[in-house]
Amino acid sequence: MAAAMANQGERAVLEEEFKWLLQEEVHAVLRQLQDILKEASHRFALSTSGSGGDFKQENFVLSTSSTDQVKGVMTLQGDALCQADVNLKMPRNNQLLHFAFREDKQWKLQQIQDARNHVNQAIYLLMNRDVNYQFKTGLEVLKLMDAVMLQLSRARNRLTTPANLTLPEIASSGLTKMFTPVLPPDILVNFYINLNKLCLTVYQLHVLQPSTTKNFKPAGGSVLHNPGATFEFGSQRYEVSHVHKVECVVPWLNDALVFFTVSLQLCQQLKDKISVFSSYWNYRPY
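If you look the protein up in an unreviewed UniProt entry, it shows as Protein rogdi homolog from Hippolais icterina. Under the UniProt heading Subcellular location (unreviewed entry), the note attached to the protein is "Cytoplasmic vesicle, Secretory vesicle, Synaptic vesicle".

Now the structure itself:
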């Protein structure tokens, strides 16, 4: 009898703790998440509504300490490269090539655009309820946290996982038509985001003659192709002779990645607290 009463008392305490968790702590965490993700959204130079305004232009010098074969100055405005000036020193004869974006062109960085959209979707999920709304079950909170974490994971993955492209895909991309003077046929370029860095890769090619005895095996998709990679484009076969990668840190991308990590940790901590009531105490609030 005494044991049963003790169990009932313990259950009553658990019910009160869980009621407080749903009515108070969950909302406090949601407000904290909203504040953090709004800061992340501001780093992408857009308001949380997505309406935006005139974006600040930022200049970045892309280089590497190991070589001076390629140097670039890029102007980033939100999710778009609006200016690019690239100097390339040809290794064969030390000829210096210079090419820049045409004045009427800018290059959208789809990774940044997608990451921003996922952040704003996460904010929408957190705010898509009446201010006086009360959660009734733990399962309801878990589903919300899973949905928010999915958007945050996708946002982070878009910045940390550049697309694998084949060399023909790079050759046929609109980026090749952005420059003046026109890129020579033996030069390919690619811009992408990797974590908190803006990266530029320049591929120098040489033509494979039809009579070559070299075993021809087209390269598959990759973030960065190595010298010796071969591909066919149009009616011509090429081999990559030199690869130059230069990069620079974009500070606000680093901030955004930190915000994603902190937000994901907060979501997981809230999920863990909800789960305690069902697993550790064998209490089923769902």
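Resuming the write-up.
### Comments concerning the pattern of salt bridges
Two side chains bearing opposite charge may form a pair once their charged atoms approach each other closely. For the coordinates displayed, the defined rule picks out eleven salt bridges. Between Lys 273 and Glu 25 there is a salt bridge; the shortest N-O distance is 2.2 Å. Remark: Glu 25 occurs in helix 1 (residues 2-43) and Lys 273 occurs in helix 5 (residues 251-279); sequence separation between them is 248 residues. Judged by relative accessible area, which is 39%, Lys 273 ranks as partly exposed. For Arg 43, the salt bridge identified is with Glu 39, shortest N-O distance 3.1 Å. Remark: Glu 39 and Arg 43 occur in helix 1; sequence separation between them is four residues, near one turn of the helix. When its relative accessible area of 35% is taken as the criterion, Glu 39 is described as partly exposed. Put simply, Glu 39, Arg 43 and Asp 255 are held in one network by salt bridges that share partners.

### A word on the sheet that holds strand 9 (residues 230-233)
Taken together, four strands build an open sheet; the order of strands is 7-8-10-9 and the sheet is antiparallel. The strands lining the two open edges of the sheet, one partner per strand, are strand 7 (187-194) and strand 9. Across the sheet, the mean angle from the axis of one strand to that of its neighbour is 40°, orientation sign disregarded. Strand direction decides the pairing type here: strand 7 and strand 8 (residues 197-208), joined by eight bridges, are antiparallel. Counted as the bridge partner of Tyr 192 is Cys 199 from strand 8.

### Digging into the packing of helix 2 (residues 110-127) against helix 3 (residues 138-160)
Following both chains from N to C, one finds helix 2 and helix 3 inclined at 165°, their axes separated by 8 Å at the closest point. Considering their axes alone, helix 2 and helix 3 lie roughly antiparallel with respect to each other. The handedness of the crossing between helix 2 and helix 3 comes out as left-handed. Of helix 3, the residues touching helix 2 (which contributes Gln 110, Gln 111, Ile 112, Asp 114, Ala 115, His 118, Val 119, Gln 121, Ala 122, Leu 125 and Leu 126) are Leu 144, Met 145, Ala 147, Val 148, Gln 151, Leu 152, Arg 154, Ala 155, Arg 158 and Leu 159.

### Thoughts on the nonpolar core
Among the nonpolar cores identified, the biggest contains 69 residues, and Phe 44, Phe 191, Leu 200 and Phe 260 are the most heavily contacted of them. In contact with Phe 191, not counting residues within four places along its chain, are Met 74, Leu 81, Ala 84, Phe 101, Leu 109, Leu 175, Phe 179, Cys 199 and Leu 200. Grouped together as the second largest cluster of nonpolar side chains are ten residues, Ile 170, Ala 171, Tyr 203 and Leu 205 included.

### Quick word on the pairing of strand 8
In terms of burial, strand 8 is a largely internal element, nine of the twelve residues being buried. Turn length for the strand 7-strand 8 hairpin, with the two strands adjacent in sequence and antiparallel, is two residues, and the turn residue Leu 195 shows positive phi of about 60°. Of the pairings in the sheet, the one linking strand 8 to strand 10 (residues 236-249) comprises twelve bridges and is antiparallel in character. By the bridge assignment for strand 10, Gln 204 is matched with His 242.

Parameters and conventions
Residues numbered from 1 in each chain as written. Predicted model: local features only at pLDDT ≥ 70, side-chain atom pairs only at ≥ 80, totals over all residues. Heavy atoms only, no water. UniProt positions renumbered as here; feature names shortened; annotations may be inferred. Salt bridge = Lys/Arg side-chain N within 4 Å of Asp/Glu carboxyl O. Helix = DSSP H or I, 4+ residues; strand = E, 2+ residues; numbered from the N terminus. Buried < 20%, exposed > 50% of the residue type's maximum accessible area, 1.4 Å probe, protein only. Pairing = 2+ DSSP bridges. Axes fitted to C-alpha atoms, helices over the stretch in contact; angles between N-to-C directions. Parallel < 35°, antiparallel > 145°, perpendicular 65-115°, else oblique. Left-handed = near helix turned anticlockwise from the far one by under 90°. Contact = heavy atoms within 4.5 Å. Core = buried A, V, L, I, M, F, W, Y, C linked by side-chain atoms within 4.5 Å.

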